[in-house]
Every structure is written in C-alpha cells, then in structure tokens.
Amino acid sequence: MSSPGDRNIILSGVSLARQDRPLFDGLSLEIAEQRVGLIGDNGAGKSSLLRLINGLLLPDAGSITVHGLETKAQRSSLPGKVGFIFQNPEHQIVFPTGAEEIAFGLRCAGGTAKEADAAARAFLAQHNCADWADAAISELSDGQKQHLCILAILVMTPSLVLLDEPFSSLDLRSRMKFMKMIAALPQQVIMASHDLDVFANFDRVIWMEGGKIVADGAPAPVIAAYRQRCIDSIGHAP
Amino acid sequence: MIAPYLTQKTWLHRIAAGYKLLALAVISIGFTQLSDWRSLLGATLAVLALYLLTILGHWSRLRLYTPLLPLLIGIGALQACASGWEMAVVSITRLVAMILLADLVTATTPMLAMMDALAPLLRPLRRIGVDENQVSLAVALVIRFMPVLLNEWTQRGEAWRARTGRRPPLRLLAPFAADIIRLADHVAEALDSRGFQVKRSQERSKD
C-alpha cells in the first residue's frame, strides 16, 4: 500500500509535440487528490495528458513523476503502478475469454501459466464474475466488457487508475454501475470524460484547452465555467 | 481460425495445444499428398462430420464462413476453367478441410495455451533477432481480432448500403485498411500499458 506521500503526480515544465504540432508547452501540474476529472473539448490534450502520466508518451522536455517513479527513467516499472482504461473495451481486450484476459496481466508480471489461470478465476469469482471465466468476449455486453477491462487492471493492484472516456459505448445502466465501481476503488483515479455529471463527487476537476489549463479546482465552479463557455461559443442556451 | 473460441467444453478441449497443432500439421501435409478427388472428397466429408459433431449445437458458427464462400467459388471456377472440374474439386476440398481443421484447433484451444505451444516452435527465430513471444502473441491477436474485423467490415458495408442502396465496392478496402491500422495502434497501446513489451524486453535482456 502506498503512503500518502507516494500518491503525488508531478509534471514539471512538460513539453510535447506530435508531428511538429505542439501539444504541451511547459505544462506544470501537481495532482495529489484521490479523484480528479479532466474536461475540455476534443483535442484539448486530455488523452495525451493521461498517456504522459502512464508513460505511453514521454515528454520532449520537462519531467513527470508518478507515485515516486520518473516516467522517462523508470518507464518499465509504471505498468505495475498505473492501470489504464481505454475508450473502447474492444480495443483493450486481447484474449477471447475472461479468465485469459485477467491471467495475461499476471503472466506479464511473471506468474506461471497455472498460477495465473488459478488466480484469474479466483479474482473473477471474488468480484462475482465467475461466469465470465470461460465466456467468449464476443458474448459479453459493452458494459460487461468495460467491467472486465477494469478487473484486468485491478488484478495488477495498481495505485493509480487512469480512465480515458470510459463511457462512450455504455448505456445508462452500465454507466451507473461503472461509476459505482469507480467510486468504491481505493486507488487514486484520474478520468477524462465529456459526461460532466460523473464528476460531481470528485475532489478536483481540471479544464484543458489546447494543452493548457484553463481552470482547475472544485468540480462545481470549473464545470459551470466550462459549460458556460460552451453555451457562449454556440451563441445560445441549449 | 475464423470464429471465436468455443466455450462449451468438448473432447478436443482436453487435448494439449501442442498435440493439436502437431496433428493439424501432419493431417494438412497428408491432404497435400492426396491427389485423387474421390479420396479428398471422402476425407473432407469425414473432417466435416468431425467438425459438426464437435461444434454440436453451435450452428450459428457456420455463418461465420459466409465471407469465405466467394473466395472458394472464385478459386473453384478458376481451377475448373484452367485444369478441369476434377482439379477444382481437389483444390476446394483441400482448402475446406484445412480451414475446418484449423478452426477446430483454435475453437477448442485457449489462446494462452496456443501461445505457449507456439513459442518453443518459434524460438529459432531468436537467431535472426525476432522475439518468439511477440510472434506468438501476433498469431493470437490475429485469431482474437478476426471476428472484430469482420464486424467492422460488415458495419462499413451496411453504412455504404444505407447511403447508396448498392453493394459495397472494393474501394472500401482503403478506409478499412486505415481502420485496421488504427485498431493495431490501440491494441499496441493497450499491451504496452499492461507491461507486455516491458516484460519481454526484460526477459530478453536476461538471456
């Protein structure tokens, strides 16, 4: 279990360009809260920021420290600390059955085939999903697939969970169930979403535009400011 | 090979992946040695019977073969014109038998077991700098994402039909290829974020 001091994410003067287009130019940010939301238009830099935090992208300049690990120097240790949930579960699930999907992470961490399979089945049973062990992924609903993605991450016992637009393929019931699960996680959570309502109980919300932070603070005022800017930009109230 | 894992346990599930792959290789070589159309037709019917008995109750699986039909008909027609109908029967029966057998193996073998069985066979590739674990994962990914890709193609075709009322043309292959590349990027990111690349690199650095 990480000590509270380990739970900091520190970005110092981070710059990043993709195909000669600058995404971040000297971004500095410190995140210590347990539940943090990222909002902003498409292309604002939310997904890129999440990818920088879990080391999928490395900064051209500056440094990022995640729970005590510097992402450039200690990238290989990040998968054990940081779990990442992508937008489309279909792109994240690699194996055709639930047990194999869970076991894959355990094997990547060094477990043997038998140990990983047994642990995966036990983990699914512990989360009342024993039926999914031998279920074909194609037979699961989108909500169940997203749930499986979360379990595949949690089995690795990360201290930080990053979620990039996890609701895009979920119906209302699945979304509510998913949010309940996220709320119960002991891990630090950073989530990017266009669904502003889900951030109501978060500790902090960061509004981004063009790779810069426009507003940062408690959810209600930041979300209200963003909503107002959206209304202003289209010229009338919805 | 073309359809998802069969979750209902059959007698084939109990056989180790390595033995199944070996049997598949031996039988496939056997099929290439047969040249009489009657023998091949008989053998293919036997394989078909084995297939149907194994997937008993999962008849919807057969629908996943539909995309293969134009290809088989095309090959058969070409062979019939070039070398006669007997040669066409030989080519088609060989292909059908091998596809059915390969599908039986993948349908009844967990993917991780398949990767474990393939990795030692691919180990000699290390000499030319190829990581056998990555190749076996690539094989697994092809099997896993075949239904996903078929579904993507169907959706593209439906979108085309909805807008034009006509059959989807071959030029849809270009955007479809772009979709596949995007999908490959997403999957690579997902694997990377779960430490697959890292683990394999560490394993290799220990060697």
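Residues numbered from 1 in each chain as written. Chains lettered and ligands numbered in written order. Predicted model: local features only at pLDDT ≥ 70, side-chain atom pairs only at ≥ 80, totals over all residues. Heavy atoms only, no water.

### Notes on a nonpolar patch on the surface
All names here are of chain B. Residues Trp11, Ile15, Tyr19 and Leu50 make up a contiguous nonpolar surface patch of about 410 Å² in total accessible area. Within the secondary structure layout, isoleucine 15 lies in the segment before helix 1 (17–33). Given a relative accessible area of 32%, isoleucine 15 falls into the partly exposed group. (Patch = residues over 30% accessible without salt bridge, like charges linked within 9 Å, V, L, I, M, F, W, Y side chains within 5 Å. Areas by Shrake-Rupley, 256 points an atom, 1.4 Å probe, with all protein chains shown as cover. Salt bridge = Lys/Arg side-chain N within 4 Å of Asp/Glu carboxyl O. Helix = DSSP H or I, 4+ residues; strand = E, 2+ residues; numbered from the N terminus. Buried < 20%, exposed > 50% of the residue type's maximum accessible area, 1.4 Å probe, protein only.)

### Some words on the sheet that holds strand 2 (residues 21–31) of chain A
Residue and element names in this part refer to chain A. Sheet architecture is open: four strands sit in the order 2-1-4-5, paired in antiparallel fashion. Where the open sheet ends on each side, the last strands, each with one partner, are strand 2 and strand 5 (69–70). The pairing of strand 1 (residues 9–18) with strand 4 (residues 61–66) spans five bridges and is antiparallel. Counted as the bridge partner of leucine 11 is isoleucine 64 from strand 4. Across the sheet, helix 1 (residues 46–53) lies against strand 1, strand 2 and strand 4, angled at about 60° from strand 2, the strand it touches most. (Pairing = 2+ DSSP bridges. Contact = heavy atoms within 4.5 Å. Axes fitted to C-alpha atoms, helices over the stretch in contact; angles between N-to-C directions.)

### Overview of the pairing of strand 3 (residues 35–39) of chain A
All names here are of chain A. In terms of residue burial, strand 3 counts as a mostly covered element, since five of its five residues are buried. Alternating residues of strand 3 divide into Arg35, Gly37 and Ile39 and Val36 and Leu38, and every residue in both groups is buried. Inspection of the sheet shows strand 3 paired to strand 8 (residues 188–192) by four bridges, in the parallel sense. Following the sheet pairing, glycine 37 is matched in strand 8 by methionine 191. Pairing of strand 3 with strand 9 (residues 204–209) involves four bridges; the strand directions are parallel. Looking across to strand 9, one finds that isoleucine 39 is bridged to tryptophan 207.

### Some thoughts on the layout of surface pockets
In this structure, the largest pocket spans a volume of roughly 1400 Å³. As for the largest pocket, its lining consists of 45 residues, of which B:Leu64, B:Pro147, B:Leu150, B:Asn151 and B:Thr154 are closest to the centre. Secondary-structure elements contributing two or more residues to the lining of the largest pocket are helix 2 (89–92) and helix 5 (142–154) of chain A together with helix 6 (132–164) and helix 7 (173–193) of chain B. No other element matches helix 6 of chain B, which puts 13 residues into the lining of the largest pocket. Composition of the lining of the largest pocket by domain shows at least three residues from each of domain 1 (11–109) and domain 2 (129–206) of chain B. There is about 730 Å³ of room inside the second largest pocket. (1 Å grid on protein atoms, 1.4 Å probe; cavity = no way out; pocket = protein on both sides within 12 Å on 5 of 7 lines; lining within 4 Å. Points joined across faces, edges and corners; volume = space filled by probe spheres on them. Domains from an automatic or database assignment.)

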